[in-house]
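# Observations on the model geometry
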Amino acid sequence: GYAPGLPKRAALLDQTSARLLDEAGQELRRFDGLHPWFDPASGDRVALIDLGHLAPGEYSLNAGGESRRIRVERRPYSALTGALVKGLYYQRCGCALEAAHAGPYAHAACHTAPAKLYENPEVELDASGGWHDAGDYGRYVSPAAVTVGHLLYAYRWFPKAFQDALNIPESGNGLPDVLNECRFELEWLLKMQREDGALYHKLTKKRFAPFIMPEEDKAQEYLLPPTHTATAGYAACAALASRAYRPFDAAFSARLLESAVRAWAWLEQNPRFVPYENPEDVKTGAYGDTNCLDEAFWAASELYASTGEARYLDALTALCPRVELSKFGWREVGGLGALCCLFELDGRLDKAFADGLQGRFLLAADAALETARLSGYGTALSPDGYVWGSSLPILCNGMLLIAAWKRSGKTPYLDAALNQLDYLLGLNALDLSLVTGYGERPFRFPHHRPSASDGVEDPVPGLVSGGPNARNNYPSTRERLPKGTYPAKSYLDETPSADTNEIAIYWNSPAVFVAACFDQLTRENG
Ligand code: 9MR
Ligand code: ZN
């Protein structure tokens, strides 16, 4: 992942010097007097260096008797960005993946049977479609809304990074493939809306399937009761999508906006917040969230951007002070509301309010920058932040830093953001790429039912691992990790370890955002 015009970082462990050689073995550069220092997240002693300006080509970095190949390419992130979007295509549910698009990962249609209402199993509904959430086959509204949110912002900001050649069924239809892919999820989300405007929380079975192919998974699926967080997250996503699709398909855009407005109306009619909890007999992902203010803030912002109606402005203004503005995860979405206010509503908000919001946003970005500076590898995650899906806060801090750069023009934000993409591709204490099939040494055994049961040696490509997790590990993971393992190394590239090596749609999507940013930059740099 090294491009000529961008920083090229390497982490040297326990070294005080290193040599960079060109393809012919000639020394190009020496790095002397390095001071490796203790990285508290990994326990490594790291010197982080920048290889400096290099033309495209192959080099080698030699230190301590070891040699690593360094490849500099004009556009190292183009194929990656496409693959990360295509990774979502492989998660499609309710349809067959045809060999023409999926190659060896083709499979027959899955999960096409009607779902039952959990609260009233007599009622059967068609809610087929959408992406499998992760390594399991469930479909959950809040994570879906956030994933589409990441992707639509990525497309709005970095359109040059999105090519119409992903070889998905809709490729060539005149709509960028990233929008084709998002539409697949949006069509399902529309089905998850009840007549009164509320969104069912999720569509899953009572238990996770065994490790079988999706089309073999025939257990009954249920629509679990609507929640405020799902409804508000959806309202935000649909209102944003209505603007994204407006230039391409006015009817679809209008359908989305009408449904976002209905979701918001349901929230107004049902002001008593009830967080989601799994019923006794349902063991699939809960995506529990005890705070809906951030989802409501995001929704109010997007609805205001799409309608211009004063009531949404009033709501976002009232909610903003009560919401953290720097988070882009499945549980906390205030950052997406902030992106809407700062960039989509630029000039349409009260000046003092907008300045205050921007100040808070940039403070959070400064904190992420500082966290990255304190990390040996430049990772924007503190040592105690390695939880289930640590890739999410790392990549979301990448998004935050990119937004701060876009707002302020200050390159340290951008450089630190690239460091988060570097992390994903292998500049980490594991020395592994956390994207299947991409990078020099990608992880190989995702907790992903199709990858483990399709009989193909390589895992499905373009999927992002949750990554190291040092908290509440499975006993089976704990047993396999040596005692005293550092947080950033608490990882197993093994299929059973859902707690460190599952994949999820909302780990792909912030990776798309960050990769697309740098892909667009390398395209602009020529
Ligand atoms: O991403 C979720 C993570 O933040 C939680 O700690 C974890 C345990 O509750 O669940 C993760 O989400 C999983 C979901 O519940 C079910 N599908 C797979 C998801 C990825 O591991
Ligand atoms: Zn399916």
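Described in the following lines is the structure provided in the data block. (Residues numbered from 1 in each chain as written. Chains lettered and ligands numbered in written order. Predicted model: local features only at pLDDT ≥ 70, side-chain atom pairs only at ≥ 80, totals over all residues. Heavy atoms only, no water.)

## Some remarks on the overall build of the protein chain
Counting its secondary structure elements, the protein chain contains 16 helices and twelve strands. The C-alpha atoms of the protein chain give a radius of gyration of 23 Å, which matches the 24 Å a tight globule of 526 residues would have. The 526 residues of the protein chain split such that 59% are buried. Summed over its atoms, the accessible surface of the protein chain is roughly 20,100 Å², and 52% of this surface lies on carbon and sulfur atoms. Side chains of the protein chain carry 51 positive and 65 negative charges; the gap between the two charge centres is 2 Å. (Helix = DSSP H or I, 4+ residues; strand = E, 2+ residues; numbered from the N terminus. Rg over C-alpha atoms; globule rule 2.2 N^0.38 Å. Buried < 20%, exposed > 50% of the residue type's maximum accessible area, 1.4 Å probe, protein only. Areas by Shrake-Rupley, 256 points an atom, 1.4 Å probe, with all protein chains shown as cover. Lys, Arg positive; Asp, Glu negative; His and termini not counted. Charge placed at Lys NZ, Arg CZ, Asp CG, Glu CD.)

## Comments concerning the sheet that holds strand E11 (residues 200–204)
Strand order in the open sheet made by the five strands is E9-E8-E12-E11-E10, with mixed pairing throughout. Pairing within the sheet leaves two strands with one partner each, and these edge strands are strand E9 (120–125) and strand E10 (139–140). Pairing between E11 and strand E12 (residues 222–226): four bridges, direction antiparallel. If you follow Thr204 over to E12, its bridge partner there is Tyr222. (Pairing = 2+ DSSP bridges.)

## What about the coordination of the zinc ion (ligand 2)?
Taken together, the protein ligands of the zinc ion (ligand 2) are Cys93 (SG), Cys110 (SG), His111 (ND1) and His132 (NE2), with distances of 2.0 to 2.3 Å. For the zinc ion (ligand 2), the single-chain donor residues occur in sequence as C-x16-C-H-x20-H. Side by side, Cys110 and His111 carry an identical accessibility label, which is buried. (Donors = N, O, S within 2.8 Å, 3.2 Å for Na, K, Ca; no water.)

## A look at the site of ligand 1
Surveying the vicinity of ligand 1 reveals the residues Asp133, Ala134, Asp136, Tyr140, Gly285, Tyr287, Trp330, Trp388, Glu502, Tyr506 and Trp507. Tyr287 places a side-chain nitrogen or oxygen 3.4 Å from an oxygen atom of ligand 1. Contact distances for ligand 1 include 2.9 Å between an oxygen atom and a side-chain N or O atom of Trp388. Bound to the protein, ligand 1 loses 75% of the 450 Å² it would expose on its own. (Near = heavy atom within 4 Å. Polar contact = N/O pair within 3.5 Å; in protein donor to acceptor, adjacent residues only side chain to side chain.)

## Details of helix H1 (residues 78–89)
Between its first and last C-alpha, H1 extends 17 Å over twelve residues, near the 16 Å set by a 1.5 Å rise per residue. With respect to burial, H1 is a largely interior element, eleven of its twelve residues being buried. Looking at the buried positions of H1, the neighbouring elements they touch are helix H2 (99–102), helix H3 (141–157), helix H4 (177–191), helix H12 (411–425) and helix H16 (505–524). (Expected span 1.5 Å × (residues − 1). Contact = heavy atoms within 4.5 Å.)

## Focus on the pattern of salt bridges
Close approach of charged atoms allows side chains of opposite charge to pair. Within this structure, the stated rule accounts for 36 salt bridges. Between Arg262 and Glu258 there is a salt bridge whose closest N-O contact spans 2.7 Å. Placement of both Arg262 and Glu258 in helix H6 (residues 250–269) is noted, with a separation of four residues, approximately one turn of the helix. Look at Arg262 and you get partly exposed, because its relative accessible area is 29%. With a shortest N-O distance of 3.3 Å, Arg441 and Asp431 are connected by a salt bridge. In this pair, Arg441 sits in the loop between H12 and helix H13 (449–453) while Asp431 sits in the loop between H12 and H13, placing the two residues ten residues apart along the sequence. When its relative accessible area of 44% is taken as the criterion, Arg441 is described as partly exposed. Exposure remark for Asp431: the relative accessible area of 26% places this residue in the partly exposed category. Counted as one network, the salt bridges with shared partners bring together Arg19, Glu27, Arg30 and Asp32. (Salt bridge = Lys/Arg side-chain N within 4 Å of Asp/Glu carboxyl O.)

## Re the packing of aromatic side chains
When we look at a pair of aromatic rings, we describe it by the centre distance and by the angle of the planes. Within this structure, the stated rule accounts for 18 aromatic pairs. Here Tyr506 and Trp507 contribute two aromatic rings whose centre-to-centre distance is 5.5 Å and whose plane-to-plane angle is 70°, an arrangement assigned as edge-to-face. Each member of the aromatic cluster is reached from another via a ring pair, and the members are Tyr140, Tyr287, Trp330, Tyr506 and Trp507. Positioned above the aromatic ring of Phe252, the side-chain terminus of Arg183 is 3.7 Å from the ring centre. Just above the ring of Trp157 sits the side chain of Lys406; from NZ or CZ to the centre is 4.8 Å. (Phe/Tyr/Trp six-rings, centres within 6.5 Å; stacked < 30°, edge-to-face > 60°. Lys NZ or Arg CZ within 6 Å of the ring centre and 35° of its normal.)

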